[in-house]
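In case you want the letters, here they are:
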Amino acid sequence: MTAAARSLKTPEDLASAGLIEPARLDGIRAVADRYAIALTPTVVSLIDRADPEDPIARQFVPDPGELLTTPEERLDPIGDHAHSPVKGIVHRYPDRVLMKAVHVCPVYCRFCFRREMVGPEGDGTLSPDELAAALGYIREHADVWEVILTGGDPLVLSPRRLSAIMRGLADIPHVKIVRFHTRVPVVEPDRVDEALIAALRESRKVVYVALHANHPRELTEPARAACARLIDAGFPMVSQTVLLKGVNDDPIVLGELMKAFVETRIKPYYLHHPDLAPGTGHFRLDIAEGQKIVSALRGNISGLCQPTYVLDIPGGHGKAVIGESAARREGGCYSVSDFHGEEHIYPPR
Ligand code: SF4
């Protein structure tokens, strides 16, 4: 494996790095006309070029299949726009808002649920006036207990910009929790430095960091060290993973990923069923398959390693837990299944 010196952002970069065959260039150019591309040097170094089905390449190297859309796919699959009262804010649940301060990412995931909004051509970074309006909205809504900075990837913002956001939140007493959703510790671990950590401290709130990673090979030593810097600085971490065909749709791979999180002091949190984003059908699996994989985790690996399997209901209706129901009413009793799939009867109380 060879490491690139800079991020790869064009089909030509990918061809020069040996990540796509020259014969596929035209097809990939057509994808690049529609969706952003970026692979950091760290991600490039993780790709096994000898494996045509490499799970890291599958997440980041564009595929002509992205131009095939199906009728059920949506430009805004989880319904952000329906719940956006001011630019940069999504207020879907009573006690929390999303703040989308930036629309670029260090990498562009081929299955991204916000693929129509992120990228250099996306909705950009909030201007100082737009940020003031977003903070004003949060200030006026006393029920907002938590602000979730998401993306784009908020940890690509400079420490100066992050400090400005965090200082703005510091002045809002009803906001108690600030959560960052990020891929940075995995794909660009050196970015997690003292200046970034100092910026995260500026809100004087409880800060959580949710790490997005989908394959155990992403949890490299530098990635684990970057997470340790965040956790040691006082920011608890949770995980989020997308269940993806050809990447982690296997209980052994998924179990290894969940264990790698726990070994890194990251509590597994959400396992997302893939959203109906355009051109991502090749990543989606049946919910029943997902339930089978999740059931196989239970019992076989520690309870600490269990994520919650969820689906974002299209149209902005929020999350639904979709793990196989472990208890079914049968007559006057419940039938519960153990991790071998065997049924047992339990009295109603
Ligand atoms: S880092 Fe997140 S927002 Fe950015 S492309 Fe990947 S999934 Fe989408």
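Refer to the preceding data block for the structure.
The structure contained in this document is the topic of the report that follows. (Residues numbered from 1 in each chain as written. Predicted model: local features only at pLDDT ≥ 70, side-chain atom pairs only at ≥ 80, totals over all residues. Heavy atoms only, no water.)

A few words now on the overall build of the chain. Per the secondary structure count, the chain includes eleven helices and twelve strands. In terms of overall size, the chain behaves like a compact globule, its C-alpha atoms giving a radius of gyration of 21 Å where 349 residues would be expected to give roughly 20 Å. With the principal axes as the frame, the chain shows a C-alpha extent of 60 × 55 × 40 Å. In the chain, which comprises 349 residues, the proportion classed as buried is 51%. Residue pairs in contact within the chain that sit at least 24 positions apart in sequence constitute 74% of those at least 6 positions apart. Carbon and sulfur atoms form 54% of the exposed surface of the chain, whose accessible area is close to 15,700 Å². Of the side chains in the chain, 40 bear a positive and 47 a negative charge, and the two mean positions are spaced by 5 Å. (Helix = DSSP H or I, 4+ residues; strand = E, 2+ residues; numbered from the N terminus. Rg over C-alpha atoms; globule rule 2.2 N^0.38 Å. Buried < 20%, exposed > 50% of the residue type's maximum accessible area, 1.4 Å probe, protein only. Contact = heavy atoms within 4.5 Å. Areas by Shrake-Rupley, 256 points an atom, 1.4 Å probe, with all protein chains shown as cover. Lys, Arg positive; Asp, Glu negative; His and termini not counted. Charge placed at Lys NZ, Arg CZ, Asp CG, Glu CD.)

The strand order β1-β2-β3-β4-β5-β6-β7-β8-β9 describes an open sheet built from nine strands, whose pairing is mixed. For this open sheet the edge positions go to β1 (89-93) and β9 (319-321), each flanked by a neighbour on one side alone. Each strand of the sheet is rotated relative to its neighbour by a mean of 30°, with strand direction disregarded. Each of β5 (206-212), β6 (237-242) and β7 (266-272) is contacted by helix α9 (residues 221-232), which is oriented at about 140° to β6, the strand it contacts most. Packing of helix α11 (residues 287-297) onto the sheet brings it into contact with β7 and β8 (308-312), and relative to β8 it is tilted by some 160°. (Pairing = 2+ DSSP bridges. Axes fitted to C-alpha atoms, helices over the stretch in contact; angles between N-to-C directions.)

Our focus in this paragraph is unusual backbone geometry. Backbone geometry places Arg204, a non-glycine residue, at a positive phi of 60°. For Arg204, a relative accessible area of 68% gives the class exposed. Positive phi is not limited to glycine here, since Arg265 has a value of about 70°. Along the chain, Arg265 turns up in the loop between α10 (251-263) and β7.

With that out of the way, let us pick up the site of the ligand. Around the ligand, a shell composed of Cys105, Val107, Tyr108, Cys109, Cys112 and His212 is seen. Taken together, the residues of the shell around the ligand break down into five nonpolar, one polar and no charged. (Near = heavy atom within 4 Å. Nonpolar A, V, L, I, M, F, W, Y, C, P; charged D, E, K, R; others polar.)

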